[in-house]
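Chain residues, written in single-letter form:
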Amino acid sequence: MSESVEKSTEKTEESSFSRLLPLTGLAGLLISSEVVYLALLQLDAINGWQPVLTFWIEMAALFVFYFLAAVLVARCESIKKFALWLIIFGAVLFRVTLLPAGIPFEYSPSEKLEAVRSDVLGKEVAYDRFLLFDNDVWRYVWDGHVTANGVNPYRYAPTDPHLDVFGGESVEFDETDEFDELSDEASSNAAGESRNEATDGLDIWRDIRDNVNHADVTTIYPPLAQFVFWLAHAIAPGSIFVMKAFLVLCELIGILFLALTLRRLGLAVTSVILYAWNPLMIKVFAGSGHADAILVAAICAAVYFIVCGWKSIGAAAFGLAILAKLSPVILVPFVVRRVGWRRSLIVPGVVLIGYLPFIDAGQNLFSGFLKFAREWQFNAGPFALIRWLSEFVTDDSASMARMICGVLIFAIVAFLAWRDDLSDGYFVSSSAIALGAAIILSPTVMPWYLSWVLPLAVMARQFVWVYFTAIVLAAFHIMIDLNEYAYVLWLEYSLFFALVGLGHRFARR
Amino acid sequence: MMKLFVLAMVFMVPVVVSAQGSGSIEPPPRTSPNESANREDNFVVTRSETGTIVGLKEGILTIKTKKDKEISVALANSTTFRIGKNKIDSDELAEGMFEPGKQVKITYRPFSDRKSRVDKVAVEVRFNDEKDKQKPVISG
């Protein structure tokens, strides 16, 4: 009897030890990551070798901790319940830590806190123009501002003189006022005595307008994104901190749906760590404030509802995903086959309702997007090869390459749709491949585009996309001296395609 | 078969990247004459400060910010000047415009490894529009 008690005590001790060790390891990785995120806040993110190299070293350290944590969680069955809480805690902590990224790095913690306060209250533009090498967030704040003032953001580019009054510029009004083209509310704001009203009584809009990139192009962000921008503006006009907080909230909603989907698919919920602790995702959303976080929430919700069999809600959420970013439109064949033809009409219905308030922009509704699609090229891989080959047959190699890549994406989606067995596993897997192919074949491969595919990749266990989130950081080499170097791109895409090949090899085994 | 696939992919990549060249970014052409100079290149990290002029000496403009911090920036040939939102040529600049005490907004490019007198080069200097002074002061 006493022997058996002794054995059982030993077993319990062993089991608590076997639990404690990996949990301590995970907590250690959490703390180590947090220290690096705090260091990232102190980075003077400007052009040059030193800042970019420091950024890469810090991100590399974060990726090492991230991969170790993911392996630890996957290997230790015994800690899964506790690990989930640590994963959630870490996901929130890392994101909250990076929200002030962009506030001058040399500020002390108390000065940073004061700067955040000023930013939220609209007292001053407290953030630098670039937030960890990116500056798209200013456009969101500006779009939210003009929308709140009754101006259609698809109609006028930020530099358009029609919007001068909203940027706090001096405007002289006369009878042939240029504002009569604007909506009634906007006209009254603009033509009244008050630049004050048009600027919410804040003296920050000129600086914010100056900070918008490609300010001569109308907005490319679809209506759901515009709604979030407006919502953030309604709470704190002109605040970068609040805008970023909103985007992080969207991302956290996405993480919640991702965890629910993993459970639904019978996979370990703790593998949500592959998204929740991914350093690129944390950098691009909490650090730099990219709007793709809205897509993450919508696409994760859509997938969850569809795999649960809640077809109408799934179709509506998918419509919202298209309203967040147009790219998920390529997943239509997979969604339609799952929700049925009738319910799939909800998708265009939701999209139409979303665009309806902005319809008066006419042909300008997609002009920003089309300009982007036609003229941008950055960090491209296969697209650049096709473009180079096209130069032998046509003068307009860019258009030819765009057409060929478009056809290739169409062929991939058609092939996947043709082989669709209507299972949940195939749905997430083919969606990840389709969106991933669209990114890889795109002329513009911004690092944050990987957020479109990462949640699906986690569900489909396609780890090549997880690795690519680390590899794609090479794209930041342009911040060194504003040039894209062939050898860096060589490295980036060599690694990616080698991993694709290796992945296939292991999968077959 | 798989090996062939991997090899094909890996061999394809150098061709891909050799097709890139350097600086293959294609930003959209500038279409608006009012476009601010700090958008010359979307990858150029710039910062802005508003303050009062302390002095201009040997092409280096020093301003004092609202937080009582002095910042010196080198004026370059590429520096653009504006009064309000309107761009002006450098030959339209008058000495009086740089009088100490006048308010300006400077947008500058910081350099991390520059071994010269100043580590900031002005991209844009924006003087207050006289019309602005007649408007009521707006504050948060």
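For clarity, every value in this text was computed on a predicted model and none was experimentally measured. (Residues numbered from 1 in each chain as written. Chains lettered and ligands numbered in written order. Predicted model: local features only at pLDDT ≥ 70, side-chain atom pairs only at ≥ 80, totals over all residues.)

1. Things to note about the overall build of chain A
- The number of helices and strands found in chain A is 25 helices and zero strands.
- Its C-alpha radius of gyration of 24 Å places chain A within 12% of the 23 Å reference for a compact globule of 509 residues.
- With the C-alpha coordinates of chain A rotated into their principal frame, the extents come out at 100 × 60 × 50 Å.
- For chain A, the proportion of its 509 residues judged to be buried stands at 52%.
- Nonlocal contacts in chain A, meaning residues at least 24 apart in sequence, comprise 75% of its contacts between residues at least 6 apart. (Helix = DSSP H or I, 4+ residues; strand = E, 2+ residues; numbered from the N terminus. Rg over C-alpha atoms; globule rule 2.2 N^0.38 Å. Buried ≥ 20, exposed ≤ 12 C-beta atoms within 10 Å, placed from the backbone. Contact = placed C-beta atoms within 7 Å.)

2. A few points about the overall build of chain B
- Regarding its fold elements, chain B presents two helices and seven strands.
- Ordered by position in the sequence, the α and β elements of chain B form the string α-β-β-β-β-β-β-β-α.
- Across chain B, the fraction of contacts at a sequence separation of at least 24, relative to all contacts at a separation of at least 6, is 57%.

3. Digging into the packing of helix H22 (residues 450–460) of chain A against helix H23 (residues 463–471) of chain A
All names here are of chain A.
- Between H22 and H23, whose axes approach to 8 Å, the crossing angle comes to 145°. Relative to H23, the crossing made by H22 is left-handed. Where H22 approaches H23, its residues Leu450, Val453, Leu454 and Ala457 are matched on the opposing element by Trp465, Val466, Phe468 and Thr469.
- Class assignment for the residues of the contact of H22 with H23 results in seven nonpolar, one polar and no charged. (Axes fitted to C-alpha atoms, helices over the stretch in contact; angles between N-to-C directions. Left-handed = near helix turned anticlockwise from the far one by under 90°. Nonpolar A, V, L, I, M, F, W, Y, C, P; charged D, E, K, R; others polar.)

4. Side note on the domain arrangement of chain A
Residues and elements named next belong to chain A.
- As assigned here, chain A comprises domain 1 (2–105 + 268–281) and domain 2 (109–244).
- Taken together, the contacts link seven residues of domain 1 with 13 residues of domain 2.
- Classifying every residue of the side of domain 1 that touches domain 2 gives six nonpolar, one polar and no charged. (Domains from an automatic or database assignment.)

5. Re the confidence of the model for chain B
All names here are of chain B.
- Of the residues in chain B, 59% have a pLDDT of 70 or more, and the chain-wide mean is 69.
- Every residue in residues 1–40 scores below 50 in pLDDT, and together they form 81 contacts with partners more than four places removed in sequence or on other chains.
- Scoring of the predicted complex yields 0.87 for pTM and 0.83 for ipTM. (pLDDT = per-residue confidence, 0-100.)

6. A few points about the nonpolar core
Residue and element names in this part refer to chain A.
- Counting 170 residues, the largest nonpolar core has Ile294 and Ala298 as the members making the most contacts within it.
- Per-element tally for this core: the top contributor is helix H13 (residues 292–308), with 15 residues.
- Non-local contacts of Ile294, meaning those with residues more than four positions away in its chain, are made with Leu224, Ala225, Val228, Cys250 and Ala324. (Core = buried A, V, L, I, M, F, W, Y, C linked by C-beta atoms within 7 Å.)

7. Let's talk about the packing of helix H5 (residues 137–148) of chain A against helix H9 (residues 223–235) of chain A
All names here are of chain A.
- One can describe the packing of H5 onto H9 by two numbers: an axis separation of 8 Å at closest approach and a directional angle of 80°. Between H5 and H9, the crossing angle belongs to the class labelled roughly perpendicular. In this structure, H5 contributes Tyr140, Asp143, Gly144, His145, Thr147 and Ala148 to the contact, and H9 contributes Gln226, Phe229, Trp230, Ala232, His233 and Ala234.
- Counted by class, the contact of H5 with H9 contains six nonpolar, five polar and one charged residues. (Parallel < 35°, antiparallel > 145°, perpendicular 65-115°, else oblique.)

8. Details of the environment of A:Leu280
All names here are of chain A.
- For Leu280, the position within the fold is in helix H12 (residues 279–287).
- Each C-alpha atom, one on Leu280 and one on Phe305, is 27 Å from the other, the two residues being 25 residues apart in sequence.
- Those residues in contact with Leu280 that sit more than four places away from it in its chain are Pro447, Leu450, Thr469 and Leu473.

9. Some words on the environment of A:Ala268
- For A:Ala268, the position within the fold is in the loop between helix H10 (240–264) and helix H11 (273–276).
- In this structure, A:Ala268 is in contact with A:Lys80 and A:Leu262, ignoring residues within four places of it in sequence.

10. Observations regarding unusual backbone geometry
All names here are of chain A.
- A positive phi angle, close to 65°, is found at Leu422, a residue other than glycine.
- Inspection of the secondary structure assignment puts Leu422 in the loop between helix H20 (397–418) and helix H21 (424–440).
- For Leu482, which is not glycine, the phi torsion reads 70° and is therefore positive.
- Inspection of the secondary structure assignment puts Leu482 in the loop between helix H24 (478–481) and helix H25 (486–508).

11. Considering H23(A)
- Of all the residues in H23(A), the buried ones are A:Val464, A:Trp465, A:Val466, A:Phe468, A:Thr469 and A:Ile471.
- Elements that come into contact with the buried residues of H23(A) comprise H11, H12, H21, H22 and H25 of chain A.

12. A word on the environment of B:Phe43
- Following the sequence through the fold, B:Phe43 ends up in the loop between helix H1 (2–18) and strand E1 (47–57).
- Setting aside residues no more than four positions away along its own chain, B:Phe43 makes contact with A:Ile478, A:Met479 and A:Leu482.

13. Quick word on H22(A)
Residues and elements named next belong to chain A.
- In terms of burial, H22 is a largely internal element, 11 of the 11 residues being buried.
- Within the span of H22, buried status applies to Leu450, Ser451, Trp452, Val453, Leu454, Pro455, Leu456, Ala457, Val458, Met459 and Ala460.
- Among the structural elements, H10, H11, H12, H13, H21 and H23 are those in contact with the buried residues of H22.
- Looking at the residues trailing H22, positive phi occurs at Arg461, about 55°.

14. Brief notes about the pairing of strand E6 (residues 103–110) of chain B
All names here are of chain B.
- Here E1 pairs with E6 via six bridges, running antiparallel. Residue pairing across strands places Thr50 opposite Lys105, the latter belonging to E6.
- Sheet topology places E6 next to strand E7 (residues 120–127); seven bridges connect them, and they run antiparallel. Across the sheet, Lys105 pairs through a bridge with Arg126, a residue of E7. (Pairing = 2+ DSSP bridges.)

15. Observations regarding the pairing of E7(B)
Residue and element names in this part refer to chain B.
- Where burial is concerned, most of E7 is hidden: six out of the eight residues are buried.
- Examined bridge by bridge, strand E4 (residues 80–83) and E7 share four bridges and lie parallel to one another. Note that in E7 the partner of Thr80 across the bridge is Glu124.

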